[in-house]
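# Observations on chain architecture
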Amino acid sequence: MRPLCTARHAVVLLLAVATLAACAGPAGVAGRSFTATSVTGRDIVEGSQIVVAFTDDSVGAQPGCNSMSAPATWDDGTLRLTGELQSTMMACSEELMEQDDWFSELLGSAPTLALDGDTLTLTGSDVTVTLVERD
């Protein structure tokens, strides 16, 4: 009878690990890019786009004026930059430069990530950005 209990415990343990892994975070964002559809806590400059793209180990963004990227992890549902955020140094309108600033602050603040199909939500302490996957 003991081996049957051990087998049952193993199955329960495997199911629990699989469930926790599924809840760990949006590991499926690597190789995908997203465009903002709405922002709460800030305004998107009229006529601009906020684009976020992921590779296996980095995040890149084009939040209005400059392009920026950094090595990153996100498997636990939190975007963590693991190196310095690098950015181009283009000069744009004051509004676009401000949008770059608050978005780079969001990326550096360890925002949570939630992926639901083709919709990605980045949530910081005072800003939430909802994005949809780009074709």
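Refer to the structure printed above.
Summary of the structure given here. Numbering of residues starts from 1 in each chain and follows the order in which that chain's sequence is written. Since the coordinates come from a predicted model, pLDDT governs what is reported: local features require at least 70, and pairs of side-chain atoms require 80 or more to be given and counted, while whole-chain, interface and lining totals use all residues. Computation of side-chain values covers all heavy atoms of the structure but excludes hydrogens and water.

This part takes up the pattern of salt bridges. Side chains that carry opposite charge are capable of pairing whenever their charged atoms lie near each other. When a carboxyl oxygen of Asp or Glu lies within 4 Å of a side-chain nitrogen of Lys or Arg, that pair is called a salt bridge. Under the defined criterion, the tally for this structure stands at two salt bridges. Across the salt bridge formed by R32 and E133, the nearest N and O atoms sit 2.8 Å from each other. With R32 in the loop between α1 (2-23) and β1 (33-40) and E133 in strand β9 (residues 128-133), this residue pair connects regions lying 101 residues apart in the sequence. Only protein chains enter the accessibility calculation, which uses a 1.4 Å probe. A residue is then buried if its area is under 20% of the maximum for its type, exposed if over 50%, and partly exposed in between. Here E133 falls in the partly exposed class, since its relative accessible area comes to 28%. D76 is the salt-bridge partner of R80, the closest N and O atoms lying 2.4 Å from each other. The partly exposed category is assigned to R80, whose relative accessible area is 39%. Each helix corresponds to a stretch of at least 4 residues labelled H or I by DSSP, and each strand to a stretch of at least 2 residues labelled E; elements are numbered beginning at the N terminus.

Along the chain, the position of Q99 falls in helix α2 (residues 94-108). For Q99, a relative accessible area of 1% puts it in the buried group. Among all residues touching Q99, those that are not within four sequence positions of it are D43, I44, V45, S48, Q49, I50, P63 and G64. Residues are treated as being in contact if the distance between any of their heavy atoms lies within 4.5 Å.

The subject of this paragraph is the state of the cysteines. Count a disulfide wherever a pair of cysteine sulfur atoms falls within 2.5 Å. Throughout the structure, instances matching the rule amount to one disulfide. A disulfide bridge connects C65 with C92, and the sulfur atoms are separated by 1.8 Å. One disulfide, between C65 and C92, carries an S-S torsion of 75° and so falls in the right-handed class. One end of the pair, C65, is in the loop between β3 (58-62) and β4 (68-73); the other, C92, is in the loop between β6 (86-87) and α2, with 27 residues separating them in the sequence.

So, about the pairing of strand β7 (residues 112-116). Only when DSSP finds a minimum of two bridges between them are two strands counted as paired. The pairing of β7 with strand β8 (residues 119-123) spans five bridges and is classified as antiparallel. From the neighbouring strand, T112 faces β8, where its bridge partner is T123.

Let's shift gears to the environment of D118. The residue D118 is located in the loop between β7 and β8 in this model. Residues D118 and F34, 84 residues apart in the sequence, show an inter-C-alpha distance of 8.4 Å. Those residues in contact with D118 that sit more than four places away from it in its chain are R32, F34, L131, V132 and E133.

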